[in-house]
Structures are given as structure tokens and as C-alpha cells.
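Below, each chain spelled out in residue letters.
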Number of protein chains: 2
Amino acid sequence: MDMDQVDKIKAQWNRERPDLDVGPMGTIGRLGRLARHLAQAHAECFATHGLSPAGFDVLATLRRAGPPHALTVKDLLATTMVTSGTMTNRLDRLEAAGQVRRVPNPEDGRGFVVQLTERGRADIDAAVTDHVANQHRLVAALNNEERAALDALLGTWLTVFEGSDG
Amino acid sequence: MDMDQVDKIKAQWNRERPDLDVGPMGTIGRLGRLARHLAQAHAECFATHGLSPAGFDVLATLRRAGPPHALTVKDLLATTMVTSGTMTNRLDRLEAAGQVRRVPNPEDGRGFVVQLTERGRADIDAAVTDHVANQHRLVAALNNEERAALDALLGTWLTVFEGSDG
DNA sequence: GATTTGTATCTCGACATCAAGATAATGAGG
DNA sequence: CCTCATTATCTTGATGTCGAGATACAAATC
């Protein structure tokens, strides 16, 4: 029969609630489970560099922005899609770890510019190198053709939520 | 160019770290974002029935099991993939809400059987009906052929983490 | 320049989660 | 029937998250 965990759940619903068509549950369920496994694998990789997923998210955003690796809190909020309370908490921890510093924003007395420290720069560069290698391992179960097909399908679906221009 | 948010992130990495091949990041990133959007949509649906995603998870597991809608805490742990501390917390809240009750397990004096109450049964039946309809809306962006292709690809990939027999 | 409105960031309180360790009951061997 | 390893569940402490509201500065208007 080749039933995975998601198929078993669907079979249970079919037995208990035959009035429901649970087809979409398979697609959504597998996608959700896969996302969880991948997030777990990422977290383990980040942890080897002393980073949480939350910390990686912020440091990577600063690193990707290019020199001088500094963004306003507002910019970080827009990119990372967390609330301001969450960002304050993340920055407090990263600052305590010496990976970022808050500098008053010369262009706006209300706010700060958040900048990677030397240590933060070194940490994120090492972490992302490892992270990318890890991602290559994680997708190795699919060949190039399968991965391209999956990319296309995910892209199509994602536009429902994010629009075609991001 | 038709760049979505994930493509923009990849482009930034290509500029800042051209030594890295970030192809897999697109696949994994889109999958992760999609999962987040779907989880958000689910949570909103559950909330209309007074349930959190965590509460839905537990009540649905009990409901799917069939009459008498009772499982040991151990069984719930195995199915829901959370830690025992998390499950204790979930059960405390569901019990306080009158949706489940803990009954001493007659077959093992150390443990409990967790059972849906009448109210819990009514709540989960209403919630799952709505939930399934919601899932149909969420997958509507893909036609049947696309959804089947996606199912197959996700299934292939998922076996890396869960094995082919669940 | 005083008032109003808006914006950037932080504070606070409520939850959810995990990991590690505590508690308590079972069962196997002697 | 003790003792010991095992198992089931709960407790505790650290993180991470959100939402609502506070604070502080800026910009626009009077």
C-alpha cells in the first residue's frame, strides 16, 4: 500500500468522516511536515555556529545587504516579517552576544541602525557557508528535473499569497 | 524578471557571496514560506471555532481515532510529535476548556487516558468540517494535474525524513 | 513655536515550545 | 517481597513569539 503518515491520517478521516473530501489534506500535510523537518535540520546546522534560527535570520539579512552590513530596525522588520517586539528581543540577544551593535541613526533621531560586528560578520559567513552545503544535502533526494518541477509548482502556489512580484 | 521574495534573497547572496551555489535555497525557501502562509490560514480558521492549532491537533487526533475518542498520553505523543512537556500543557488547556478529560488508565496505573468530552467532540467536528473546506480553497491555485505532481514530489522528498512506511 | 499627527522602537503580559530532570508506578530478577 | 531498570507523565526554566500599548522623536500645520 505504501502509506506514509499523511496517508494514514487521511484514511482515518475517511473512516470517521466519510462526508469530507480530504484530498487537499495530503498535499498540505506533506508540505507542512517537510517544512518542519527542513527547519529542524537548519536549526541543527545553525546551532553548530552558536546561532538560533532567529539569530541567523537577522544576521543573514544584514550580511546579504552588503557593506556596511547595517540596516535600520524598520528595514529588518520589513524583510524578516516578525513583529517589532520580536525584533527588539532578537536584537537584544544578538547585541548581548556581540554579533550586532545598535548605532543611533544619523538620519533619524528616533531610530537606530543595526550593524554587524566583526564577530557577527565572521559568524554569519561561516554559518551560511555551512548552511548552503547543508541545503545541498537536504535536496539531494530529488534530481535536477524533479527539483525544477517542484520549484515551478511552489512558485505558482506562492503567488496566491505573495503576488507575482513579491 | 518576475522575481519573488525568494529570488531576491538568492540574488543578494549571489552578489555578496558568489562562491556559494544557492540553488537549493530557492526550493527550500519557497516551501518554507508556503508552509507559513498555509499555517497562518489554518490558524485563522481554527480560531473561529475557539481552537488554537495546538488544540486542533490534539482534538483531531482523538476524533480520528474513532469511538470512544480516547487515547493514552503516550499515543498522543507518538502521533503529534511534540514533547511530553508540550503535551501536558496542551492537555491542561483543553481540560480547562472542557474539551477533553483525563481518566486514570485502568490498564496502567502510571498513566491516563485522554478522552474527548461531548463539547470537545462537537467543537472538533465543526472545526474539521470548516478546515477541510478551507483547505480546498487553499489548494485551488493548482489544477488537479499540478496537485498530483506536487503530491508525488513531496512524497518522494518526505521519505528521506520519515521513511517509505511512515 | 505650539499643537497635532505620524513614525520608530521598546516594554509588558500571555502563550507555546523544548530539554532536562523529577515523580511515581510497573515489571523483571533474584 | 525487595531491588533495580524502565516507563508514563509532570515540572521547571530558558527561548521565542505575538499583540497592545508606551515612549520618544519628527514632521506638518496652525
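Look up: the structure comes first, before these words.
Reference entry: report on the structure contained in this document.

The rules behind the values
Residues numbered from 1 in each chain as written. Chains lettered and ligands numbered in written order. Predicted model: local features only at pLDDT ≥ 70, side-chain atom pairs only at ≥ 80, totals over all residues. Heavy atoms only, no water. Least-squares fit on C-alpha atoms with pLDDT ≥ 70 in both. Contact = heavy atoms within 4.5 Å. Buried area = accessible area lost by both parts, 1.4 Å probe. Salt bridge = Lys/Arg side-chain N within 4 Å of Asp/Glu carboxyl O. Polar contact = N/O pair within 3.5 Å; in protein donor to acceptor, adjacent residues only side chain to side chain. Helix = DSSP H or I, 4+ residues; strand = E, 2+ residues; numbered from the N terminus. Nonpolar A, V, L, I, M, F, W, Y, C, P; charged D, E, K, R; others polar. Near = heavy atom within 4 Å.

### What to know about the relation of the copies chain B and chain A
Between chain B and chain A, the superposition needs a rotation of 180° and an axial shift of 0.0 Å, giving an RMSD of 0.2 Å. Expressed as an axis order, the relation between the two copies is that of a two-fold axis. Same-surface contact between copies: 99% of interface residues of chain B are shared with the interface of chain A.

### Some words on the interface of chain B and chain A
Listed as interface residues are 67 residues of chain B and, on the opposing side, 66 residues of chain A. Of the roughly 6,500 Å² buried where chain B meets chain A, counting both sides, 67% is carbon and sulfur surface. Across the contact surface, chain B and chain A share four salt bridges. Linking Asp125 of chain A and Arg17 of chain B is a salt bridge whose minimum nitrogen-to-oxygen distance equals 2.8 Å. Counting across the interface, chain B meets chain A through 16 residue pairs in polar contact (both at pLDDT 80 or more). If you list the elements that add at least two residues to the side of chain B that touches chain A, you get helix 1 (5-16), helix 2 (23-47), helix 3 (53-64), helix 4 (73-80), helix 6 (118-138) and helix 7 (144-162) of chain B. Examining the composition of the side of chain B that touches chain A, we find that 15 residues originate from one element, helix 2 of chain B, more than from any other. Taken together, the residues of the side of chain B that touches chain A sort by class into 30 nonpolar, 19 polar and 18 charged.

### A few points about the protein's contact with DNA strand D
The local shell around DNA strand D holds 22 residues, among which Thr86, Asn89 and Arg93 of chain A together with Lys74 and Ser84 of chain B are the closest. Here DNA strand D approaches the protein such that, of its atoms within 4 Å, sugar and phosphate make up 76%. The separation between a phosphate oxygen of DNA strand D and a polar side-chain atom of Thr88 of chain B is 3.2 Å. Arg102 of chain B places a side-chain nitrogen or oxygen 3.1 Å from a phosphate oxygen of DNA strand D.

In short, shape yes, function no, at least from these values alone.
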